[in-house]
Every structure is written in C-alpha cells, then in structure tokens.
Amino acid sequence: AGIVTTSLPYNLTIKGGRFFADFGRLSKFHDHDLPFVNRPIVLDRFIGGESQADGVEVSYLSPLSQYLTLTLGAYNKLGADNTRVDNTVPRDLSKFTYLARPATFFSLNDSNSVDLGATYAYTPKVDTFTLDGADHIRDGKSRQLAAIDVTYRYTPLSQAQYRGFIWGTELLYNREDWNVGDNTAPVFRRTDAWGMYSYVEARLTRRYYPGFLFDYAQDLARAVGETKAY
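In this numbering scheme, every chain counts its residues from 1 along its sequence in written order. Per-residue local features are limited, in this predicted model, to residues with pLDDT of at least 70; the limit for side-chain atom pairs, both in listing and counting, is 80 or more; totals at the level of whole chains, interfaces and linings are taken over all residues. No hydrogens and no water enter the side-chain calculation; it runs on all heavy atoms of the structure.

### Things to note about unusual backbone geometry
Selection criterion: Between buried and exposed lies partly exposed: a residue is buried under 20% and exposed over 50% of the maximum accessible area for its type, with that area taken using a 1.4 Å probe on protein chains only. Helix and strand assignments follow DSSP, with helices taken as H or I runs no shorter than four residues and strands as E runs no shorter than two, numbered in order from the N terminus.
Backbone geometry places Tyr-10, a non-glycine residue, at a positive phi of 65°. Judged by its relative accessible area of 69%, Tyr-10 is exposed. In this model, Asn-11 sits at a positive phi of 60°, which is unusual for a non-glycine residue. Looking at the element boundaries, Asn-11 is found in the loop between strand E1 (2-4) and strand E2 (12-20). Residue class for Asn-11 comes out partly exposed when judged on its relative accessible area of 38%.

### Comments concerning a nonpolar patch on the surface
Keep this limit in mind: The patch calculation keeps residues exceeding 30% relative accessible area without a salt bridge and links them within 9 Å when they carry like charges or within 5 Å when they are nonpolar (Val, Leu, Ile, Met, Phe, Trp, Tyr). Here the open area of atoms and residues is found with the Shrake-Rupley method and a 1.4 Å probe, where only the protein chains shown may cover a residue. Salt bridge, as used here: a side-chain nitrogen of Lys or Arg that lies within 4 Å of a carboxyl oxygen of Asp or Glu.
On the surface, Leu-8, Tyr-10, Leu-12, Ile-14, Val-56, Val-58, Tyr-60, Leu-70 and Leu-72 cluster together to form a nonpolar patch covering roughly 760 Å² of accessible area. Elements supplying a minimum of two residues to the nonpolar patch: E2, strand E3 (52-61) and strand E4 (68-78).

### Some remarks on the environment of Phe-23
Rule in force here: Contact criterion: two residues are considered in contact whenever any of their non-hydrogen atoms come within 4.5 Å of each other.
Counting through the fold element by element, Phe-23 comes out in the loop between E2 and helix H1 (41-46). Note on Phe-23: relative accessible area 0%, which makes it buried. Each C-alpha atom, one on Phe-23 and one on Ala-146, is 9.1 Å from the other, the two residues being 123 residues apart in sequence. Residues within four places of Phe-23 in sequence aside, it is in contact with Lys-28, Ile-47, Leu-78, Leu-99, Thr-119, Ala-121, Leu-145, Ala-147, Glu-170 and Leu-172.

Now the structure itself:
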C-alpha cells in the first residue's frame, strides 16, 4: 500500500508507504514478471529478494531533452526477504537505508535503445544480522551497496509485438564490516563482495522466447565460496 503524488511542481513525484524501492533493474519486479523462471541469486543474496521497502521516495524528471531521472529514497529496510532487519522493530533514522539512483534512456534509432542506471544504497548503522543460522549483534557498523545496470533492446517497428532481442546486465557491489568475533568480544572485519547477472532473450515468434541467464554471486561475509549459475 502506498501513496503517489500526481501533480507537483518542478517535475517532482513523491511516493510513500510500502512499495518496491527503485534499486537497480530487476529487483522491482515480482518473480512471475521476470524474463526467466528464477530470480538471480545475486539479487536474493545482496538485496533480499524483491526490493520491498517501507519508506518514502522523491523522484525528479530532468527538463533536458535527454531523458534523465533522479530518485532519492529513505526506507526502514530494503528487501522483502531481508531477515537482518525486522519491520516490526522501531529504529532510529541512523539505521534507515538511504538510496540515490540516476537513470537515463538512449534511443539509438527507431529499432534500438539502451537503458542505463546506477544505484547507491547506504545504511549508517546495521545492528543485527544472521550468519550460519545464528543471530549476531554488532554496534553501529555501516553498509554500502552499489549497482550499475544496462539493458539493450532491439524492437523492429514492423513486428514490435512479437519480435525483438533484449540483453540485460547488472553488476552489484557490497561493502560492510562483519563481526568475526562474538557478542561479548566483537572483532570487525571489513569485507567486499560483488556479484552480477547477465541475460539475453530473443523474441522469435508469438510463442517462442528462448533465452540464457548467467549468474555470479559472492557470499556477503565471504564465509563460504562464490556461486555460479547458468
């Protein structure tokens, strides 16, 4: 449930409530709306499933001839399946997640176009997390999550409804301090992790859309090995 404004000055739009945060390219889609049968592992691991969020977003549409939008958001947490933070537990604003995303669109010609976006999410303090099935506590360590996404589309005008080609790629990077000690004597280690997915989809006929997906993700705490999927 959410509220979205329909008429504000300066090309502004404000959204509040529970909605999909404007993070990346595909995290804003339900599973059945994805271009393949499973959600990329990197999105489940880095975001926590769909980018569900309780909070507020402000979007600005640039008046330039080149399409450009800028989104700023503040959320209680990011990720529908993110169990490291509980929506039912009140928290200080310093423990919210803050997001910034510029996005643009290039029309190369009548049949070819490219979407390009970048996202940065920052949480000043993350106090709880789950590792190896156990809950751990840490004191005010920050988390940074960034992503870059690009989507290329070929859509012939004469057969736009059933023919075409799509290539999409998103790269994600996570940086945070993990407690490698215990709750009585915490020892923090700064860990970098990254992941990505890339897919192609060919729309050959009205019925047949063959495609291929490659998925790669490191463990956020680097406690286990990386994951690759095809």
